[in-house]
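# Examining the three-dimensional arrangement
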Amino acid sequence: MGSHFRTIPAVHRLLEEGSLREAVADFGRDQVVAACRAETELLRQAIADEKLTDASVADECNDLPRRILAQLRETSREAYVRIINATGILIHTNLGRAPLPYPFPASLESYLALEYDVMAGSRGQRLAPLRERLCTLVGSESAVMVNNNAAALVLLLTTHAAGRQVIVSRSELIEIGGSFRLPMVMEASGAQLVEVGCTNRTHLKDYEDAITQDTAALLVAHQSNFKIVGFTASPPISELASLAHRYNLPLFVDQGSGCIHDLSRWGLPHEDTVSELLGAGSDVVCFSGDKLLGGPQAGILVGTGNWIEPLGKHPLYRALRPDKTALVTMDRTIAAHHSGQLESIPLYAMLETSLETLKRRAQSVGRRLRQQGVPARGCSTRAALGGGTTPTETISSYGLAIAGNQELADNLRRSDPSVVGRFENEELVLDLRTVLPGQDKELVSATCRAYGAPQSRQAGGK
Ligand SMILES: *Cc1c(COP(=O)(O)O)cnc(C)c1O
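Keep in mind that this is a model prediction, so the values were computed, not measured.

Turning next to the site of the ligand. The local shell around the ligand holds 13 residues, among which A150, S224, D254, S288 and K291 are the closest. At 2.9 Å from an oxygen atom of the ligand is found a main-chain nitrogen or oxygen belonging to N149. A distance of 2.6 Å separates a nitrogen atom of the ligand from a polar atom in the side chain of D254. For the ligand, the protein covers 94% of the area, taking 390 Å² as the surface of the free molecule. If you list the elements that add at least two residues to the shell around the ligand, you get α7 (149–161) and β11 (251–256). For the shell around the ligand, the per-class residue count stands at four nonpolar, six polar and three charged.

See below:
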């Protein structure tokens, strides 16, 4: 066994090997040396455990440079791999919700006036350049932006309701994927939750009966991700606002999706927009930046100055404030909403793509796939907004169906770039509405590789 250890090449010998000499130029000497040590140590361990025969020790030694290179590539690869989203779900939380508008603004490749007043040459306020624009977007008096909508709610309730009661309907004690549970968020902010009404019906009187000396606010949360249908009732926002104001209380609304435009424009059911909620008398409305706004992850709070201004002054704000990447991309996103050039926001470009365009793309992609022996056929699909918005509605869409098994889906997901579709009735369905138009070519090549992979592997005898 001792002689086996001696067959393992020393690190300095490995470094003379052609491919690893090149690797030093690409990855740096320290990284390559570390990878050599790690792989030779694994081999030494296998020999010590007597897992290898004489012949296989020699094979393993010869294979070392390849394994070292593979390890170097693995550690240097991007941790968050790029994905072609062929699921048809536009706001897919696991895939980063709304894709960011591109290209990134030049200010992100440089220093920028993040907290600097260039006219005065003095220190500025981080949110000041964006506040006015946020206000104009939704017609509010004041606005604050934080890291996400969960942070927005925590900041809102900590500032205005810590140690006091907040009244919420039992139909709105929502859980959103990824550990957002309204009751827990309220608890974390120190506010005491007072539940009123029933799961399907809550009346104005239920709220009124619950108001006490300790009440700090009424809260309405959007029923994201689900729908209560049938025998249901909930008071309109305007009546809730009047009730709250009669008792000198604020009405807070967690709108969630950041709905700015009338969704019926895209054939979806109308949902109250942020402006409509403010117009109906809500004192503060909060929402995410990366859902229907189509921008970066953020939480935005808009409303009247007396409720919004204290938020930016609360010590917790410093812990929840957004970074420059989010602020700059949010500014560009808002500019696109303002100008009406919605197609420059990828989410809206996908939403606005006509069925004819999708069919044309499917024909072209399908033809190229069949030319390479992949049995793809065009098929009608249903896409969905996702992200908890309009949970029961779908949008007509078009894509490709490929007869295959789970292995095809696995291969496709593991390819580079990764392609995620959905499996329906023994077919892999690739919905083109969520595939960015510039990605069709890559979709074809990845699909051909994934389809060919199991056959070539069988041929290789593995
Ligand atoms: C999405 C959503 C949240 C959570 O927002 P994040 O930005 O993910 O923190 C909270 N409330 C509602 C109603 C939502 O739809």
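This part takes up the nonpolar core. Nonpolar side chains in soluble globular proteins generally cluster together in the buried interior. In terms of nonpolar packing, the biggest core is built from 71 residues, with M145, V146, L182, L218, L251, L301 and V302 touching the most fellow members. Sorting elements by how many residues they give to this core places α7 first, with eight residues. Discounting chain neighbours no more than four positions away, the residues touching V302 are V138, S140, S142, A143, V274, L278, D283, V284, V285, F287 and I308. I84, L369, A409 and L428 belong to the second largest nonpolar core, which has 24 residues in total.

Across its 20 residues, helix α4 (residues 29–48) extends 28 Å between first and last C-alpha, which sits within 8% of the 28 Å expected from 1.5 Å per residue. Those residues of α4 that fall on the buried side of the exposure criterion are V32, V33, A35, C36, E39, T40, L43, A46 and I47. Each buried residue of α4 sits inside an arc of 160° when the element is viewed along its axis, so together they form one side. With respect to the buried face of α4, the exposed residues turned more than 90 degrees away are D30, R37 and L42. Two residues or fewer past α4, E50 is found with a positive phi of approximately 55°.

An α-helical segment advances 3.6 residues per turn. Residues three or four places apart therefore align on the same side. Between its first and last C-alpha atoms helix α16 (residues 355–371) spans 24 Å; for 17 residues at 1.5 Å apiece the expected length is 24 Å, and the two agree. Every buried residue of α16 is listed here: L358, R361, A362, V365, G366 and L369. Buried positions in α16, seen along its axis, are confined to an arc of 135° and lie on one side of it. In this structure, α16 carries E356, R360, Q363 and Q371 as exposed residues pointing more than 90 degrees from its buried face. Of the residues one or two after α16, G373 is the one with positive phi, at around 85°.

Relative to the helices and strands, F231 is located in the loop between β10 (215–221) and α10 (237–246). Spatially, the C-alpha atoms of F231 and A335 are 42 Å apart, while their sequence positions differ by 104 residues. Residues in contact with F231, not counting those within four places in the same chain, are N200 and R201.

Quick notes on the rules
Residues numbered from 1 in each chain as written. Predicted model: local features only at pLDDT ≥ 70, side-chain atom pairs only at ≥ 80, totals over all residues. Heavy atoms only, no water. Near = heavy atom within 4 Å. Polar contact = N/O pair within 3.5 Å; in protein donor to acceptor, adjacent residues only side chain to side chain. Areas by Shrake-Rupley, 256 points an atom, 1.4 Å probe, with all protein chains shown as cover. Helix = DSSP H or I, 4+ residues; strand = E, 2+ residues; numbered from the N terminus. Nonpolar A, V, L, I, M, F, W, Y, C, P; charged D, E, K, R; others polar. Core = buried A, V, L, I, M, F, W, Y, C linked by side-chain atoms within 4.5 Å. Buried < 20%, exposed > 50% of the residue type's maximum accessible area, 1.4 Å probe, protein only. Contact = heavy atoms within 4.5 Å. Expected span 1.5 Å × (residues − 1). Arc of directions from axis to C-beta.

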